[in-house]
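# Breakdown of the fold
Each chain is listed here by its residues.
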Amino acid sequence: MTISKTISTTISKNTYQAIYRLLDRVSPVPYDCGELCGAACCTCTYEPEDIEFNAEGDVNADNYMGLYLLPGEDQVFEMDPDAADNDCDWIDWGYLLAEDYEFPESWTGKVCFIQCRTSPVCCRAKRPIQCRTFPLAPHIDEDGVFHMILHCDELPYDCPLISRNAAFGGDIRLNDDFVQATYTAWKHLLSDPLIFDLVEMDSEYRIEDGAEIIVMK
């Protein structure tokens, strides 16, 4: 299978690979956080009957537990099944039209959407950005200042890194090097106009909804 043309990006494959290497060196906590919750973020089984990946790679992403890749992030993946170093056999791969979902207006065309076939075991070297930087999220405040915040959007599972976080009086603190590396990674990613638009849109939704925003960096 080869990748269909997806939405454009200014982030090169080399830059994505450099960001992956940076994030490879850090972890949210100094132990396997999956042992706290049964790897809930990887194994949540919400999967309605109408989900399908068809021959064209289309997917009903509204009702499927998975992740969309950022613009250009698909460059990191080798999607040729005949290639000697093929690394896509651990994921299901689909596409959705950005115009049909809640993406910024600047996003036009196909967006890659993936789900792990072998969770909670995966090819950790190819985990997407959203996996690598969770439970933090990029946020732009009302003064236009960029921060990394504790994820505050609704989730279909409980994440102890959030619910038991020290910010809420709990017993879990995120590693400082993880927070810094995640901040650095997203700071680079925001140089891409489409990614900036996405983060800005998500930030505006949080502010409008009156979400509790916990700034970590």
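Residues numbered from 1 in each chain as written. Predicted model: local features only at pLDDT ≥ 70, side-chain atom pairs only at ≥ 80, totals over all residues. Heavy atoms only, no water.

Note on placement: Phe168 falls in the loop between α5 (160–163) and α6 (176–189). As a C-alpha pair, Phe168 and Ile214 span 46 residues in sequence and 9.2 Å in three-dimensional space. (Helix = DSSP H or I, 4+ residues; strand = E, 2+ residues; numbered from the N terminus.)

Another point: the side chain of His139. With respect to the helices and strands, the residue His139 is situated in strand β4 (residues 136–140). With sequence-adjacent residues up to four places away left out, His139 is seen in contact with Val145, Phe146, His147, Ile149, Val199, Ser203, Arg206, Ile207 and Ile213. (Contact = heavy atoms within 4.5 Å.)

Okay, α6 next. The terminal C-alpha atoms of α6, which comprises 14 residues, lie 20 Å apart, in line with the 20 Å expected from a rise of 1.5 Å per residue. When α6 is considered as a whole, its buried residues turn out to be Phe178, Val179, Ala181, Thr182, Tyr183, Ala185, Trp186 and Leu189. (Expected span 1.5 Å × (residues − 1). Buried < 20%, exposed > 50% of the residue type's maximum accessible area, 1.4 Å probe, protein only.)

What follows is about the sheet that holds strand β1 (residues 67–68). Ordered by their spatial adjacency, 3 strands build an open sheet running β1-β3-β2, and the pairing between neighbours is antiparallel. What marks the edges here is a single partner per strand, and that holds for β1 and β2 (91–97). (Pairing = 2+ DSSP bridges.)

Moving on, we come to the pattern of salt bridges. If the charged atoms of two oppositely charged side chains come close together, the side chains can form a pair. Counted according to the given criterion, the structure contains 3 salt bridges. Between Asp24 and Arg132 there is a salt bridge, with its nearest N and O atoms 2.7 Å apart. Of this pair, Asp24 sits in helix α1 (residues 13–24) while Arg132 sits in helix α4 (residues 129–133), and the two are 108 residues apart along the sequence. Looking at Asp24, the relative accessible area reads 42%, which means it is partly exposed. According to the relative accessible area criterion, Arg132 is buried, its value standing at 4%. One salt bridge connects Asp153 with Arg206, and the closest N-O pair in it is separated by 3.7 Å. (Salt bridge = Lys/Arg side-chain N within 4 Å of Asp/Glu carboxyl O.)

Looking now at empty space enclosed by the protein. Following the criterion strictly, the structure yields 1 cavity of 30 Å³ or more and no others. Volume-wise, the largest cavity comes out at about 40 Å³. Lining the largest cavity we find Thr6, Ile7, Leu69, Leu70, Pro71, Gly72, Asp74, Lys110, Val111 and Cys112. Each residue belonging to the lining of the largest cavity can be placed in one class, and the counts come to 6 nonpolar, 2 polar and 2 charged. (1 Å grid on protein atoms, 1.4 Å probe; cavity = no way out; pocket = protein on both sides within 12 Å on 5 of 7 lines; lining within 4 Å. Points joined across faces, edges and corners; volume = space filled by probe spheres on them. Nonpolar A, V, L, I, M, F, W, Y, C, P; charged D, E, K, R; others polar.)

For strand β5 (residues 146–150), a buried count of 5 out of 5 residues is recorded, marking the element as mostly surrounded by other parts of the structure. Between the end of β4 and the start of β5, which pair antiparallel, lie 5 residues, with Gly144 showing a positive phi angle near 80 degrees.

Taken together, the side chains of Glu200, Glu204, Glu208 and Asp209 present a region of like negative charge at the surface. If you trace the backbone, Glu200 turns up in helix α7 (residues 193–209). (Patch = residues over 30% accessible without salt bridge, like charges linked within 9 Å, V, L, I, M, F, W, Y side chains within 5 Å. Areas by Shrake-Rupley, 256 points an atom, 1.4 Å probe, with all protein chains shown as cover. Lys, Arg positive; Asp, Glu negative; His and termini not counted. Charge placed at Lys NZ, Arg CZ, Asp CG, Glu CD.)

Turning our eyes to something else, we now look at the nonpolar core. The biggest cluster of nonpolar side chains holds 53 residues, and the ones touching the most others in it are Ile129 and Trp186. Among the elements of the structure, α1, β2, β3 (110–116), β4, β5, α5, α6 and α7 are those that each provide at least two residues to this core. With 7 residues, α6 is the largest single contributor of residues to this core. (Core = buried A, V, L, I, M, F, W, Y, C linked by side-chain atoms within 4.5 Å.)

So, about the packing of aromatic side chains. Working definition: an aromatic ring pair is given by the centre-to-centre distance plus the angle between the planes. With the rule as written, the count across this model stands at 5 aromatic pairs. Consider the rings of Phe77 and Trp93, whose centres lie 5.5 Å apart with planes at 65 degrees: the pair is edge-to-face. On the criterion of sequence distance, the pair formed by Phe77 in the loop between β1 and β2 and Trp93 in strand β2 is long-range, its members being 16 residues apart. Note on accessibility: Phe77 and Trp93 belong to one class, buried. (Phe/Tyr/Trp six-rings, centres within 6.5 Å; stacked < 30°, edge-to-face > 60°.)

Averaged over every residue, the pLDDT of the protein is 84; the share at 70 or more is 83%. For residues 80–85, every residue scores under 50 in pLDDT, and the model assigns this stretch 6 contacts once sequence neighbours within four places are set aside. (pLDDT = per-residue confidence, 0-100.)

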